[in-house]
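# Residue-level structure breakdown
Here are the chains, one letter per residue:
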Amino acid sequence: MTWLTACARKVDDSWRQRDSITALRRVVTGRNGAGKAIIVQNGLSPRVVTMETLPGLALVEVWATDETPTLPVEPIDLTTTMKSFVPGPGGTRFRMVQFPGASDRAFDQEAFRREYLSKAPGLAESMEQQDSGMHTTDSVD
């Protein structure tokens, strides 16, 4: 049994949304044209991944860059446009992950794999087959 399967079996169906990190507030600061520090974004992350096949699992994309940033940073939130959940050389991904609690419910690992591939490209492909709760990438975690 993999770690993910054990976790899935332990998810309680009474999972409460208010206990989820999906409501994480994100404050992004930047600089205006005069160089003054300003708040650029203040609110929920625009990219949150939850899984129907594994209730309670949540990935909140907090920040992303595709290359080493320079100032001023472009006013584009790359969490909404990134093609891969794994950064390329010089890029970053800042993500908060919530793992589900314990449950005895059935878990369809193949259905989870398909859903994860569609919702978390790059990261899903790096999941280890023998332990689907782990991944291997060239990034620093």
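Our subject in this report is the structure included herewith. (Residues numbered from 1 in each chain as written. Predicted model: local features only at pLDDT ≥ 70, side-chain atom pairs only at ≥ 80, totals over all residues. Heavy atoms only, no water.)

### Concerning the overall build of the chain
Rule in force here: Secondary structure elements are defined from DSSP: runs of H or I of at least 4 residues count as helices, runs of E of at least 2 residues count as strands, and each element is numbered from the N terminus. The classification of residues rests on relative accessible area computed with a 1.4 Å probe and restricted to protein chains. Under 20% of the type maximum is buried, over 50% is exposed, and intermediate values are partly exposed. Contacts were defined at the residue level, with two residues in contact if any of their heavy atoms lie within 4.5 Å. The accessible surface values rely on the Shrake-Rupley method and a 1.4 Å probe; as for residues, cover is taken only from the protein chains in view.
Across its full length, the chain holds 2 helices and 7 strands. Beginning at the N terminus, the succession of helices and strands in the chain can be written as α-β-β-β-β-β-α-β-β. In the chain, which comprises 141 residues, the share counted as buried stands at 33%. For the chain, the share of sequence-separated contacts (at least 6 apart) that also reach a separation of at least 24 residues comes to 64%. Just so you have it, the chain exposes about 8,900 Å², and 55% of that area is on carbon and sulfur atoms.

### Considerations on the environment of glutamate 61
Relative to the assigned elements, glutamate 61 resides in strand β4 (residues 58-65). When the C-alpha atoms of glutamate 61 and valine 49 are compared, they prove to be 8.2 Å apart, with 12 residues separating the residues in sequence. Apart from the residues lying within four places of it in its own chain, the contact partners of glutamate 61 are Arg26, Ser45, Arg47, Thr79, Met82, Phe85, Phe94 and Arg95.

Any functional reading would require information that these geometric values do not contain.
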